Each structure stands twice: as structure tokens, then as C-alpha cells.
Amino acid sequence: MRSGNLCWRIATSGESIILSASNKGRETLRDVKLVATAQDRPEIEITRSEAQETITRRRYVSEVTNAVIEQSGPVRAVVKVEGRHRGAERAWLPFSLRLYFYAGSEAVRIVHSFIFDGDEHKDFITGLGLSGRVPMSDLPYDRHVRFAGSDDGVWAEAVQSLTGLRRDPGAAFRQAQVAGRKVPPVDEMAEAVRRGLPYIPQWGDFSLSQLTPDGFTLTKRTKPGHGWIEADAGGRANGLGYVGGAAGGVAFGMADFWQRFPVRLDIRDAHTDAAGFTLWYYSPDGPAMDMRFYHDGMGMNDHVAENEGLDITYEDYERGWGTPYGIARTTEFTLWALPATPTRERFAEMCRFVARPPRLVPTPARLHAAGVFGPWSLPDRTTPARRAIEEQNDYLLDFYRGQIEQRRWYGFWNYGDIMHTYDADRHVWRYDIGGFAWDNSELSPDLWLWYSFLRSGEPHVFRMAEAMTRHTGEVDVYHIGRFRGLGTRHAVQHWGDSSKQPRVSTAIYRRIYYYLTADERVGDLMRELLDSDRTLVHVDIGRKVGARRGASMPPGGASHVKASTPLPEGHIFLQFGTSWCSLASAWLTEWERTGDTRWRDRLLAGMTSIAALPKQWFAGGAIFNLETGRFTGPGDKVSVSHLNAVFGAVEVHAELFQLLDVPEYENAWLDYCTAYNAQPAAFTAMTGAPARGHNLKEGHSRLTAFAANRRGDKALARRAWQEFFSGEAGLGMGISARRRKITGPDVLKPVDEAPRVSTNATAQWGLAAIQNLALVGDMVDEVYAGVSE
């Protein structure tokens, strides 16, 4: 692969991914590979019974099994490499990575993903890294090491220092070395220093270790077998290192460095003819990665007991289902093959590029004019109603941004997710209480963040949404194994809940990021979902519904309808909102990306067959033919769930109706939108069934607005805003006034809290606010004036 003065050699097999890189004909980089270490048990707790037990540790390196050129052009080239990590006894941890080369750049961007396919009871990962070698031909005092600190800080030293000595080599030598330039000829050096050069230590090994989001340490030593010396420490390192000299060197960086702790940057053997570097995206300094389920089941050995556990902790536990087998993580690296040591100023610029890579995106106005991604409008603060809504949305975005920082929602598996529900008594989010802990996309915070970014163009909102997209699409979703294509419901551990559903893995949460950035990895994730409906053959979402004492809440709070008799082969029972709409978003995206009409036809089959059912959307779900994509019935009973429309159903329908003209289906959906929040008599008149309490009324005001807009119904538009401003079963207005600071002995550290704020309510309030303004914004001031008097 050639780009200007650079030539990159990419492997198609073997351990190394990048065989070498040369700049102006000189080899600067070689043997770039992935490394991993693991052990067969967690750290030993020294007790009388375990004191004599040992841990077996093993090392693995990448084994490339396939490499293809995906793009080759005058501006950009992309190579995709696939493989696994191989050790003496097995190959595991399959990976895929893409190498991005750009015209005029001395860097390669690497987007790397791996899948955990081990046994969490036996495989405890202790290190994951990207390593390489750097040929070193300069004299020791002309070899340089750089590490990025916080902000624009740079730590820069030579392998053999000429400063601070008892004898002065001369100002020209000191100034050149501090600047990273080649020093003058040695015969111009002060004789006392030249004679003493053999006695000046040569420092070969350096490490920057970030074990928490708040602190890093920097150490160095001369060589193995000798003690480490503490060099410096700081807060949040930006994740960039360099080793090389006047003849060339390599800079190596990792995005979201301190946010993904524990992490480490290593330089080894810098005093020899080939230095090594490793970007540890899971640091060997950290604890062994313990992915075992966090409790022993507490006697929940059947569905009856599991449902009772759900009723108290909101955790849908089932033995063997809370497994991490098949989850993934994606990390971004950048390598520079440089002709010389960069100046401190240039290194600081490179550091900013790693920590906050620039993104080229259209303005909100241009995106809005394109008419993409359904109903949303640009911010407008020209009236009291509009200003109040915009200010509350801004407040909520800032509040969650602050909570990420205050609550330290960082770490290898956690970064990008947020918590579900707050505990005002302990002044903490319910991190340890079942289904109230990690949110795992529950009720679509991903969409709230992305629509907020589309409207505002705010970089910090983009970063939040990007981190969430990277997390929820990888960690919360299964990519191989028995749950492939499904995601995990909200839980204490991201993979812990036994409710595995398409509503979490849905492509609707990835679409906006994909179309803004053309990120191939996210494209892969959406393509993985095309046949995920077939996983539901052996994963019955409603399997526990019949095994209950009394009328307690089923998994997810929804009334899951099941077929009363065994289904024919190739058929499953499928919910319309949480499942079919989630699957439809993947089919829609594939049709858009490829033009393959199979996926359009599958969408049409689902739409027309739902419209043909006796109760249409009010049935909630029906038997689904996996081969044809059609619902076969019976669909003759009303089953309305408050979850059906809150996992991307509104958003996917808005886009379907732009592309497909199926009037009978559109009417079925609009009837559902009209009836959900309707008064009891109106609901019964439309459905033939008695009205029942419907949760999330505030969030469902956007369904009312959707119907009002499509049918041009002013009365329905007015009703939508009345539902929204009522705050019923939602968040309500005036949230910022309830925020408070908690300090002193009541908390570990000062924190802000807004006790009424939950992620469910926030996401649905935000989406309703954004979509109602776009759909029926002309009625907002009239209704707001009435409710605010």
C-alpha cells in the first residue's frame, strides 16, 4: 500500500498484520501484531486453603486468516484483516480490523474489534494489546521517547540524557536533545562528557499506566532485571506515545484512552537496534478480567422463582443465560511512520487528533434540508413554549454528561453506557439493583442523543452518542453463539439479564452514526442482524409468561402473547414493535445500502400481512413465517404493550413511509398511534376491547403527533401537546429546578442529582419533544399557554 513517501506491507497470513512500513525508503515500522494474555482463574485470595494454589498464564498472538482490499482510490484505501489470537493450546478471541490509509498522511487508522468466545469461569483476560517494532539506528543520545499527558502536556526524554549531568556537553547539545533534534557531531562535545558517555545510563524501557480514569503513572528502567524508576504522574493521559530518533520513528495512539481504563503504553528495548511498543487496550497492570455472573442464583431454579426475583429487583435472571460468550468490543488506534522525532508542538497536535479525532459532518441545517432520519426540526427558541422545551432538552443533555463524569461511568466494558434509574436514598444510581443498573439502550437513549446532535451539531453530544453507539452495538449485543443477533436487557452486568431481544440489537440505533460517518464496523454490525429473527426459533422471549404466581409483572413489563399450541417448523411468534420493527430497521438499511430488493420485499411482506390481521397493530404480535417474512395470524385479540413503540418503531415507520406506499398498513399504524393515548370510550370504539392503563403516556404523545401530522388532524395535534405537557407517566417540565447538589458525609464525593430523572423518562421525553415540535409544532404555543397559566 503506497501513499506519498510511505509504503505499507500488509500480511495475508501469519502473526503480523502490518509486516513493515517505510518512509522515504527507510524501514520505520515492522511486525505489528495483536497480543493477548489470560489466566485460568482470577487473582488468588490468600487463604489457608488457597495459599498453595497457582495461576496458569498463557500468551496469545494474532493469526491472520484473511485480508482483503475493500477500497482503493486516490484519497483513501481500506484493508480489512480477520483472524484470531493463537497460543500453544488453542486459537480464540476472533478479531476483525480495518486499516485506513489516507493520501498525504503519515498515519494509518486502525479500527479493531474482537469477540469474547471463552469460558468466563476459566478464561480471565489479563492483557489485550497492539504491538510493533521500530528499527533504531541513531546513537543512544539521539533516540527519543514521547508520551502525551493531559491537555497539551508532553513528557519528552532521550534514551541517554545529555542534560542535568555534572559536566556540561555544551548548550548546542542540550538544546538539540531537548528539542528532539540530532545533536552536533560527538567530536564537538565537551571532552569530559565524551569520555564519560559509557557511564551515562541508557534507559530502554518506559511505561505509562492509566489504572483509573483519574490518574496515570510514568516509569522507566534501564533494562529487564533492574528496578523501575518513577518518572512522573498525572491525571488523564491522552493515549499517545513515540519512540524513534533523527532517522525516523513511530507514534502510536489509542482513542478514548483514559475513558477505557485500565490501559497502558509500553516502550521496550529502546537502547537496542529495535525498540518495541505496545498499546495495551486492556492493561496487564489491571485486575484479571472477571466476567462471571455476579451472584449464584439465590435459589431461582425455575421460572416461577425467576419471575418472583424479577418482581423484587427487576432482574430477569435465568441460570446460564447471563453469559458474556459472544459479546464484542471495538477500539481505535493510530500509528504514524515518521521520518524524524516530532517537535513537542507537533506531538501535542497529534495528541489532540487521537483524543478528539476531527469529524467532517454536514451542518444541522443541511441535514434537515435533506429530509433524512424522519421527523426532527432545528432548535427554535422564539416563543416561551419552544424556549422551555429547548432549555430542558439542553439541561438533560448536560445533566447526563455531568453524570458520566461524576459517577465515573468509564472503563473497558462500561464506557458509552449510562445508568437506568436513580436511588435518591443512597444518592447513587442503582448500579447494583437488577434491571435498574446499566441501561443497555432501554427506551432508546441512543436515538435521543443522535437526534439532539442532528439538531444542534454540538461536538460533545456527538461524542456521547458515538461512545454509546460503540458500546451498545458491541457489548450489549451477541455476535456469535446461541444468542447471535440479539441484545441483552438492562442489568447489573451488560450481559447479565436473561431477556435477549432484537429491541436492544436493533439497527435503528446505529443508522444515524453509520450514515454520518460511513463507519464500516457499524455497517458490519447492522448486516449481522439480517437473519437474527432465526435466533428466536430457540430463544423464546415469552417463555416465562405462563409460570407466575398471581398477576405480577412479566419480563420487561410487557404482556408477551404466546401461541397456545406448538408452531410449525420455520415459524415463531413475533412482537410487532419490539421485534419486527427492530428487524425491519436492519432490512431497510440493507436495502438502502445495496439496492437488493429482497429486503424491500421482506418489509412489504410484513407490512401487508400485519394490515391483513383482524386486529392489525392492536394484536401486538402474531405468528411469523421466517421464510416468507409474513405474519400468518391469528391476530384476532387486542394486546397493547407500552413497550411496542419505544424501541425505534416511530423512527423506522417515518422512514418506511417515505419509501414504501402501503396505504392499508399506514392506516393500521396510524390507528394504533391514535388509539394508544385515547380516552377509554374512544379506545374501545377503535379496538373493540376494554381500555386499560397505558404506561409512558407522555412519551406516546409522539404517536398521537405522528397520526395528527399524517392525517392533518388539528384536534389530534392539540391532544398530542396536552399529553406531552401533562407529564403523565413521564418526566414533565421544570426538571432543572429540582436539581440539587449533595455534599458532605452523605456521599463519597460531591454529586449533582435530579431524583425524578430516569433514563427511560428522559429518552422518551426528549424524543417526544423533538418529534412533536417537528410534526405538530404549530400547536405548541396554544396548548402551552393554557397549561402554564
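Figured I'd write up the structure that's included with this text. (Residues numbered from 1 in each chain as written. Predicted model: local features only at pLDDT ≥ 70, side-chain atom pairs only at ≥ 80, totals over all residues. Heavy atoms only, no water.)

### Looking at the overall build of the protein
The number of helices and strands found in the protein is 20 helices and 28 strands. The C-alpha atoms of the protein give a radius of gyration of 29 Å, which matches the 28 Å a tight globule of 789 residues would have. Each principal axis of the C-alpha distribution contributes one length, and for the protein these read about 100 × 65 × 60 Å. The buried share of the protein, taken over its 789 residues, is 59%. Residue pairs in contact within the protein that sit at least 24 positions apart in sequence constitute 67% of those at least 6 positions apart. Within the protein, the 96 negative side-chain charges are centred at a point lying 3 Å from the centre of the 92 positive side-chain charges. (Helix = DSSP H or I, 4+ residues; strand = E, 2+ residues; numbered from the N terminus. Rg over C-alpha atoms; globule rule 2.2 N^0.38 Å. Buried < 20%, exposed > 50% of the residue type's maximum accessible area, 1.4 Å probe, protein only. Contact = heavy atoms within 4.5 Å. Lys, Arg positive; Asp, Glu negative; His and termini not counted. Charge placed at Lys NZ, Arg CZ, Asp CG, Glu CD.)

### Focus on the environment of Ala385
Note on placement: Ala385 falls in helix α6 (residues 384-406). Taking C-alpha positions, Ala385 is 8.8 Å from Val783, a pair spaced 398 residues apart along the chain. Aside from chain neighbours lying at most four places away, what touches Ala385 is Val780, Asp781 and Tyr784.

### Structural notes on the pairing of strand β3 (residues 18-23)
Taking burial as the measure, the 6 residues of β3 include 5 buried ones, the bulk of the element. In this sheet, β3 lies alongside strand β2 (residues 6-10) in antiparallel orientation, the contact comprising 5 bridges. Across the sheet, the residue bridging to Trp8 is Ala21, located in β3. In this structure, β3 lies alongside strand β4 (residues 26-39), joined through 5 bridges in antiparallel fashion. Looking across to β4, one finds that Ser22 is bridged to Glu27. Where β3 hands over to β4, the hairpin turn is made up of 2 residues, of which Lys24 adopts a positive phi near 55°. (Pairing = 2+ DSSP bridges.)

### Some thoughts on the nonpolar core
Ranked by internal contacts, the top residues of the largest apolar core, which has 191 residues, are Leu99, Leu128, Leu335, Trp580, Trp669 and Trp721. The contact partners of Leu99, leaving out residues within four places of it in the chain, are Ile10, Ile17, Ile18, Ala77, Val78, Val79, Val81, Val108, Arg109 and Ile110. One finds Trp336, Leu338, Met350 and Val354 within the second-largest nonpolar core, a separate group that totals 11 residues. (Core = buried A, V, L, I, M, F, W, Y, C linked by side-chain atoms within 4.5 Å.)

### Comments concerning the pattern of salt bridges
Per the stated rule, a full pass over the model turns up 65 salt bridges. One salt bridge in this structure joins Arg359 and Glu332, with 3.9 Å as the shortest N-O distance. Here Glu332 lies in strand β19 (residues 328-338) and Arg359 lies in the loop between α4 (344-355) and α5 (364-370), a separation of 27 residues in the sequence. Judged by relative accessible area, Arg359 falls into the partly exposed class, the value being 27%. The buried category is assigned to Glu332, whose relative accessible area is 15%. Of the charged contacts in the structure, one is a salt bridge between Asp752 and Lys741, with a shortest N-O distance of 3.2 Å. (Salt bridge = Lys/Arg side-chain N within 4 Å of Asp/Glu carboxyl O.)

### Re the side chain of His427
With respect to the element layout, His427 can be found in the loop between β20 (422-423) and β21 (428-429). Discounting chain neighbours no more than four positions away, the residues touching His427 are Arg407, Tyr422, Ile742, Asp746, Val747, Val751 and Glu753.

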